[in-house]
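# Coordinates in review
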Amino acid sequence: MAIYVNRRLRYWGLRSISTRWAGSNKRGLSSNVQNYWDEYYKNVGMQGDDLNSLVSRARNKGFNIVSGSQAAFDPITGNIELASNSKIWEFVEEFLHKKVAQGWKKDEISALTQQLRKVKDYKGYKSVKSPAVAAEEITVKQWLLRHATLVGVGEAEKILLQNQINQLKQYGTGRGY
């Protein structure tokens, strides 16, 4: 599954899967995506969490953590990218994307991909763009919601993650996600 996702990412010229403002550099960012991110930052602020000890432990275990403009996992290099304003839950999300690339939840993601391929819009056209990538994102975000207390996901993050899941189930990576 991860190989298919990585191949599709390279085909479309994408190098990584990202949690923050994914798709915002493209035309057509939907207003509801912009709105739920704006609401999230209004509630929690733009400051990042102190990730030094977490990053140091991850590096000691052999993970490549690099600085980037946003929290992201690069499936080609295996690097987890973190921005200066990244949150703990974003680090955990990117770690889970790395686990997916290693085969974690492969069957669940494959089944969800098949379901998303069948989603149609009101005109009867396929509405989910990149169903494999969307299925991976949904699976990771659902795990974060199920284990919210473990990874420090508060109410603002729960709302944000649920909005992202809803957006992905309806449109996939289209409509500005």
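Criteria and cut-off values
Residues numbered from 1 in each chain as written. Predicted model: local features only at pLDDT ≥ 70, side-chain atom pairs only at ≥ 80, totals over all residues. Heavy atoms only, no water. pLDDT = per-residue confidence, 0-100. Helix = DSSP H or I, 4+ residues; strand = E, 2+ residues; numbered from the N terminus. Contact = heavy atoms within 4.5 Å. Buried < 20%, exposed > 50% of the residue type's maximum accessible area, 1.4 Å probe, protein only. Phe/Tyr/Trp six-rings, centres within 6.5 Å; stacked < 30°, edge-to-face > 60°. Axes fitted to C-alpha atoms, helices over the stretch in contact; angles between N-to-C directions. Parallel < 35°, antiparallel > 145°, perpendicular 65-115°, else oblique. Left-handed = near helix turned anticlockwise from the far one by under 90°. Nonpolar A, V, L, I, M, F, W, Y, C, P; charged D, E, K, R; others polar. Salt bridge = Lys/Arg side-chain N within 4 Å of Asp/Glu carboxyl O.

Turning to the confidence of the model for the protein, a few remarks are in order. In this model, the protein carries an average pLDDT of 82, and 81% of its residues clear a pLDDT of 70 or more. The weakest mean pLDDT in the protein belongs to helix α1 (residues 2-11) at 43; the strongest belongs to helix α6 (residues 131-146) at 96. When the criterion is pLDDT under 50, residues 1-12 qualifies, and its contacts beyond four places in sequence or with other chains add up to 19 contacts. Across residues 16-28, where pLDDT falls below 50, the model places 46 contacts with residues more than four positions away in sequence or in other chains.

Okay, unusual backbone geometry next. Here the phi dihedral of Lys105 falls at roughly 60 degrees; this positive angle occurs in a residue that is not glycine. In this structure, Lys105 sits in the loop between α4 (88-101) and α5 (106-117). Residue Lys105 is classed as partly exposed on the basis of its relative accessible area, which comes to 26%. In the Ramachandran plot, Ser130 falls in the positive-phi region, its phi being about 50 degrees despite a non-glycine side chain. Note on placement: Ser130 falls in the loop between α5 and α6. Given a relative accessible area of 29%, Ser130 falls into the partly exposed group.

In the structure shown here, the tally under the stated rule is six aromatic pairs. Consider the rings of Trp37 and Tyr40, whose centres lie 5.9 Å apart with planes at 85 degrees: the pair is edge-to-face. Taken together, the residues span about one helical turn, with Trp37 and Tyr40 both in helix α2 (residues 31-44) at a distance of three residues. With respect to class, Trp37 is no different from Tyr40; both count as buried. When the centroid spacing of 5.7 Å and the interplanar angle of 20 degrees are considered together, the rings of Trp37 and Tyr41 count as stacked. Of this pair, Trp37 and Tyr41 both sit in helix α2, four residues apart, which is roughly one turn of that helix.

Their axes nearest at 10 Å, the elements α6 and helix α8 (residues 155-171) cross at an angle of 155 degrees. Comparing the axis directions of α6 and α8 gives the class roughly antiparallel. Here α6 runs over α8; the crossing is left-handed. In this structure, α6 uses Ala134, Glu137, Ile138, Lys141, Gln142, Leu144 and Leu145 to contact α8, whose residues at the interface are Lys158, Leu161, Gln162, Gln164, Ile165, Leu168 and Lys169. Tallied by class, residues from the contact of α6 with α8 come to seven nonpolar, three polar and four charged.

The subject of this paragraph is the environment of Trp143. Its location among the elements puts Trp143 in helix α6. As a C-alpha pair, Trp143 and Glu93 span 50 residues in sequence and 9.0 Å in three-dimensional space. Discounting residues that sit within four places of it in the chain, Trp143 has contacts with Val92, Leu96, Trp104, Lys105, Leu150 and Val151.

As enumerated under the stated definition, the model contains five salt bridges in all. Close ionic contact of Glu39 with Lys42 constitutes a salt bridge, the shortest N to O distance being 3.5 Å. Of this pair, Glu39 and Lys42 both sit in helix α2, three residues apart, roughly one helical turn. The class of Glu39 is partly exposed, set by a relative accessible area of 38%. A network of salt bridges, in which partner residues are shared, links Glu93, Glu137 and Lys141.

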